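Notes for the structure review
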Amino acid sequence: MSARTARTPSAVSSRAVYTLHVVGRCELGTHRESQEDGVGCFSGDGIAVVVDGMGGMRSGSIAPPVVIPVVRRAIVDAMDDLPELVFDETLEAIVRDALVAANRALFAASQQVHLRGVGATAVVAWRHGDRTVIGHIGDARAWRLREGALERMTRDHSLAEEFGDTPEYARYIEENPAFQTIITRALVMADACEPVVRAHPTRDDDVWILASDGLWRTVPDDDLARLANARSLDEAVLDLVAACYPRDPNDNLSVVLMKGAHDPGTARPFVRIAPL
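What comes next concerns the included structure. (Residues numbered from 1 in each chain as written. Predicted model: local features only at pLDDT ≥ 70, side-chain atom pairs only at ≥ 80, totals over all residues. Heavy atoms only, no water.)

Taken as a whole, this structure holds zero aromatic pairs when the rule is applied. Residue placement shows R141 over the ring face of W216; its charged tip is 3.3 Å from the ring centre. (Phe/Tyr/Trp six-rings, centres within 6.5 Å; stacked < 30°, edge-to-face > 60°. Lys NZ or Arg CZ within 6 Å of the ring centre and 35° of its normal.)

The next thing to look at is unusual backbone geometry. Phi is positive for E147, close to 50°, though the residue is something other than glycine. Structurally, E147 can be placed in the loop between β6 (141-146) and β7 (149-152). Classification of E147 by relative accessible area gives exposed; the value is 75%. Residues other than glycine seldom take positive phi values, yet D205 does so here, at roughly 75°. Note that D205 resides in the loop between β8 (196-201) and β9 (207-211). (Helix = DSSP H or I, 4+ residues; strand = E, 2+ residues; numbered from the N terminus. Buried < 20%, exposed > 50% of the residue type's maximum accessible area, 1.4 Å probe, protein only.)

With that settled, consider the sheet that holds strand β4 (residues 119-128). Spatially, β2-β3-β4-β5-β8 is the arrangement adopted by the five strands of the open sheet, whose pairing is antiparallel. At either margin of the open sheet sits one strand with a lone partner, and together these are β2 (37-42) and β8. Each strand axis lies, on average, 10° off the axis of its neighbour in the sheet, ignoring direction. Note: strand β5 (residues 131-137) against β8, six bridges, orientation antiparallel. For G135, the partnering residue across the bridge sits in β8 and is V197. Strands in contact with helix α2 (residues 63-79) are β2, β3 (47-54) and β4; relative to β3, the strand with the most contacts, it is inclined by about 150°. Packing of helix α3 (residues 88-110) onto the sheet brings it into contact with β4, β5 and β8, and relative to β4 it is tilted by some 150°. (Pairing = 2+ DSSP bridges. Axes fitted to C-alpha atoms, helices over the stretch in contact; angles between N-to-C directions. Contact = heavy atoms within 4.5 Å.)

Looking now at α2. For α2, spanning 17 residues, the distance from its first C-alpha to its last is 25 Å, which sits close to the expected 24 Å at 1.5 Å a residue. Listed in full, the buried residues belonging to α2 are A63, P64, V66, V67, I68, V71, I75 and V76. (Expected span 1.5 Å × (residues − 1).)

Time to look at the state of the cysteines. Each disulfide consists of a covalent bond between the sulfur atoms of two cysteine residues. Using the criterion set out here, one finds zero disulfides in the structure. Among the cysteines around C26, which has no disulfide bond, C41 carries the closest sulfur, lying 8.3 Å off. On the accessibility criterion, C26 (13% relative accessible area) is buried. (Disulfide = S-S within 2.5 Å.)

Attention shifts here to the environment of A228. Tracing the chain through its elements places A228 in helix α7 (residues 221-230). On the basis of relative accessibility, which here comes to 3%, the residue A228 falls in the buried class. For the pair A228 and V207, spaced 21 residues apart in sequence, the C-alpha to C-alpha distance is 7.9 Å. Filtering out sequence-adjacent residues up to four positions away, A228 remains in contact with L145, I209, A236 and L257.

Here the focus is the nonpolar core. Membership of the largest hydrophobic core comes to 32 residues, with the highest contact counts inside it found for V51, V71, I75, V95, L106, W126 and L187. For this core, the elements supplying multiple residues, two or more each, are β3, α2, α3, β4, β5 and β8. Here V95 is in contact with I75, V124, W126, V133, G135 and V197, once residues within four sequence places are set aside. Within the second largest apolar cluster, 23 residues are counted, among which are I209, A228, L233 and V241. (Core = buried A, V, L, I, M, F, W, Y, C linked by side-chain atoms within 4.5 Å.)

Moving on: the pattern of salt bridges. The full count for this structure, using the stated rule, is 17 salt bridges. Between R131 and D130 there is a salt bridge, and its shortest N-O distance comes to 3.0 Å. Take R131: its relative accessible area is 8%, and that puts it in the buried class. When its relative accessible area of 14% is taken as the criterion, D130 is described as buried. Between D213 and R217 there is a salt bridge, and its shortest N-O distance comes to 3.0 Å. (Salt bridge = Lys/Arg side-chain N within 4 Å of Asp/Glu carboxyl O.)

So this is what it looks like as structure tokens:
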């Protein structure tokens, strides 16, 4: 058996109790007239989602309210049948299937004439036991902040990231900045999709950060780590979005922070959901 397939089960019981905080925020930015981003924050289910719609004012805004409920429902339904201990591959398959289901739903919506051209990038985080499963497609990103150190957990499906390591293409990108935003995978780029999904070992007090490209292109990683680490999650999401405006962001801004810790008590987790 290969090293990739020889994976250990998630070590914490599916019935383990932990307090999970999930906080998200969406804003228009300074140059957009419509909101095409959306965030879903579901602490009771351990799920966080960021969706960045594409297709312009008429159709891009429909993507988040289609994608987010489908992703949540698919994961929640799959959780009902999980045994107490599960392998990472099983958790990854659940998130992958959720994104594929969202792609089907958005593809069906795109068949309406007024929604032609709709698409989306997306990133999902799902906390299960001592694993956080990250799934993404496009250039929405996820990071893990652990003890002050920021680690990016996704690689963009974009021309810049997939070919930017070659000197010839790097020079071309530098001369043609618009090519930095061209993506190679997305929801509804076809009637099937290929998200990348990975389960990651998780410690208490890890902070998971999800963001659309409007935010991460505006806030450097050093500032992202500093602002996410400095204050409470509620204050941190406000600080992260506020940090964009002095840099005159030209896109919608979306960010979600998720943090959990094992809790021997019975305190109920809470969630704050930014309006779509």
